[in-house]
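The primary structure of each chain is shown beneath.
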Amino acid sequence: MRETLYRLGDATVVEPLVNKWVAWAHVIPPVAGSLHLLRYQLRLLESYLSDPQSHATTCQDPKFRSGPFIDIPAEKAVDVREFLTTTNEKQAANIQFAKDILEFQNYLVEQAKGQSIEPFYEHLPPSLRGYVELLYDYYNRPIVRFMESLLYASPYYQPELQSLRIFRETQDRYRPFIMSTPRLVQHNQVDWTMPFASPEVDELFKLDSAPQPLGYIRNLLGLRPNDDDLLRQFLSDEMRNREEKWEDSNVRIRYLGHACVLIEWNGVSILTDPYIGVMPERTEADHMSYEDLPEKLDYVLITHNHHDHYCLETLLRLRHRIGCLVVPRSFGIFYGDLSLKLLSQNIGFKNVVELDTLDTIALSDGEIIAIPFMGEHADLPHAKTAYVVRAGKQQIMLAADSNCLDKRVYEHLRQILGPIETIFLGMECVGAPLSWTSGPFLPVAPEFAHEQSRRYNGCNAMRALDILEAVGAQRIYIYAMGLEPWLEHLLGLAYTDDAEQIKEAGLLISQARRRGFAEAQLLYGKHEILLSQTNGFCDRLYFSEETELQPVTEDQFTFE
Ligand SMILES: [Fe+2]
Ligand SMILES: [Fe+2]
């Protein structure tokens, strides 16, 4: 008799954690992670312990879902206290490192005024020695540049604190916000301590396409036979068909939610900013999931390190299926501008390519081109890039959260690349203030007025139209809006219909349709587009009742 084989169940989530906090780009790298620990996680735990009930109550209000509140019932406060104690013990070196980083920078700013910076090496605290270079900018302001690659080999990087938490997502909006609620172990979960770079992690995720017997999975996870009932809840013996490779020369584009877009033609597959939702047992929105992806993904493109674009949960699950991970280049001067290349390599990606503006990757009958991604980061330097994918005659721009701060940039792009017909653009036009994710990096708290004026804004309708006009677009798909319920734990946006972002998206759509765009849509859930190679236009042209397709001219762009 053949042994029953199991794959991961449709609703099974495997959430990567670092010391029980959901892993995202500011939690893993030694400098960013230590500062985030000191200035965010520890403060949050202490705030919770001073009044657990008010944290738990506040989390019930969707408006505060993504705020600095811990969603753990007050009766569990004793567990949180124990967690804080063990954190202080296990991460004592990181805490000291973070304190020294902030203190030394403040000291240097006071003392180093343009004279030789060499004597200041003598004043480095022991924790920073051997890991930094001291520099000036052209105005004699000192900079502490960290050598990130050395730090990944230091005691400040602790892969032994990495784990994977396995549970079932029973319904939409099941999980608390990722940044603010640590994942204390619950009885119906498996807590698998395993460094992300371990080959065992790939072995677990290969179950998605190569099911295995229960005993194999039990051994892999280090469980015992009396855990089998729990383990079976996360598995399925129902076999499913694997998605075929798309070999057609026409371009198939699949929207899988938020900023995740799959572009395929001629057997090439490119996935952007992957976050793939599992299929909860109860869901209000049908969507595609892991089984809708081709077995191999040739390229995965990352636009920037925000947790809704560089998502460890999906990246680790897909790692063994990804040919090449493409990330934006970081400048390496500011520690908040962390290297996604080093981060990805240290969590086990073997083939990582970093692209700078206009760097390209050649494909058969196509190209991946890195293009500027401006704004959205509260005026701080940050590794980020948008992309143009040229697929035969089609050019497709994946702009993510780009803000059009200077239309001339896009005019230059059009001169270099020619018209870009199809645009995917986010419109998170009312972004969070400066401290949202960068607060822990700032040695001195920003003034209130600066905090409010420097935000994580993407395009509003006017700026989006500037991009469309400059590159000669014919199709606009608004994406990356955090609308889908399966990623609410990432963003917690809880939009209402009168939210500014939704109003601006509606305005852009109506303006684009009035100007005769072939398609103008706000994407939600799932969507498929087919672009023809024969006439360079979409096979499914959108014509509104009152408008015919017509070329876009300068005078049509007087914004109302
Ligand atoms: Fe972003
Ligand atoms: Fe985003």
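Residues numbered from 1 in each chain as written. Chains lettered and ligands numbered in written order. Predicted model: local features only at pLDDT ≥ 70, side-chain atom pairs only at ≥ 80, totals over all residues. Heavy atoms only, no water.

(A) Summary view of the coordination of the iron ion (ligand 2). Around the iron ion (ligand 2), the protein supplies Asp-308 (OD), His-309 (NE2) and Asp-401 (OD) as donor atoms, at distances of 2.1 to 2.3 Å. Motif for the iron ion (ligand 2), donor spacing along one chain: D-H-x91-D. Between the iron ion (ligand 2) and the iron ion (ligand 1), both coordinated by Asp-401, there is a metal-metal distance of 3.4 Å. The same class applies to Asp-308 and to His-309, which are both buried. (Donors = N, O, S within 2.8 Å, 3.2 Å for Na, K, Ca; no water. Buried < 20%, exposed > 50% of the residue type's maximum accessible area, 1.4 Å probe, protein only.)

(B) Up close: the sheet that holds strand β6 (residues 162–168). If you trace the four strands from one edge of the open sheet to the other, you get β3-β2-β6-β7, paired in antiparallel fashion. Edge strands, defined here as strands with exactly one partner in the open sheet, are β3 (21–22) and β7 (190–193). Judged from the two bridges that link them, strand β2 (residues 12–18) and β3 form a sheet pairing that is antiparallel. Paired with Leu-17 across the two strands is Val-22, which belongs to β3. (Pairing = 2+ DSSP bridges. Helix = DSSP H or I, 4+ residues; strand = E, 2+ residues; numbered from the N terminus.)

(C) View of the pairing of strand β17 (residues 366–371). Of all six residues in β17, five are buried, a share of seventy percent or more. Between the end of strand β16 (residues 360–363) and the start of β17, which pair antiparallel, lie two residues, with Asp-365 showing a positive phi angle near 55°.

(D) Layout of the packing of aromatic side chains. The final tally for this structure, using the stated rule, is 14 aromatic pairs. Here Phe-104 and Tyr-107 contribute two aromatic rings whose centre-to-centre distance is 5.9 Å and whose plane-to-plane angle is 40°, an arrangement assigned as tilted. Here Phe-104 pairs with Tyr-107, and both are found in helix α4 (residues 92–111), just three residues apart, close to one helical turn. Exposure remark for Phe-104: the relative accessible area of 4% places this residue in the buried category. Taking relative accessible area as the criterion, Tyr-107 reaches 26% and is therefore assigned partly exposed. Ring centres of Phe-424 and Tyr-477 lie 5.1 Å apart, and the angle between their planes is 25°; on these two criteria the pair is classed as stacked. Remark: Tyr-477 occurs in strand β21 (residues 475–478) and Phe-424 occurs in strand β20 (residues 422–425); sequence separation between them is 53 residues. By relative accessible area, which is 0% here, Tyr-477 ends up buried. Following the ring pairs from residue to residue traces out a cluster consisting of Phe-97, Tyr-131, Phe-146, Tyr-156, Tyr-335 and Phe-441. (Phe/Tyr/Trp six-rings, centres within 6.5 Å; stacked < 30°, edge-to-face > 60°.)

(E) Geometry of the coordination of the iron ion (ligand 1). The protein atoms that coordinate the iron ion (ligand 1) are His-304 (NE2), His-306 (ND1), Glu-376 (OE), Glu-376 (OE) and Asp-401 (OD), at distances spanning 2.2 to 2.6 Å. As a motif over one chain, the donors of the iron ion (ligand 1) read H-x1-H-x69-E-x24-D.

(F) Molecular detail of the packing of helix α11 (residues 407–417) against helix α14 (residues 461–471). Two elements in contact, α11 and α14, have axes whose closest approach is 8 Å; the angle formed by their N-to-C orientations is 25°. Put simply, α11 runs roughly parallel to α14. Two packed elements cross with a definite hand, and for α11 against α14 that hand is right-handed. Listed contacts from α14 to Lys-407, Tyr-410, Glu-411 and Arg-414 of α11 are Asp-466, Ile-467, Glu-469, Ala-470 and Val-471. Residues belonging to the contact of α11 with α14 are distributed by class as follows: four nonpolar, no polar and five charged. (Axes fitted to C-alpha atoms, helices over the stretch in contact; angles between N-to-C directions. Parallel < 35°, antiparallel > 145°, perpendicular 65-115°, else oblique. Left-handed = near helix turned anticlockwise from the far one by under 90°. Contact = heavy atoms within 4.5 Å. Nonpolar A, V, L, I, M, F, W, Y, C, P; charged D, E, K, R; others polar.)

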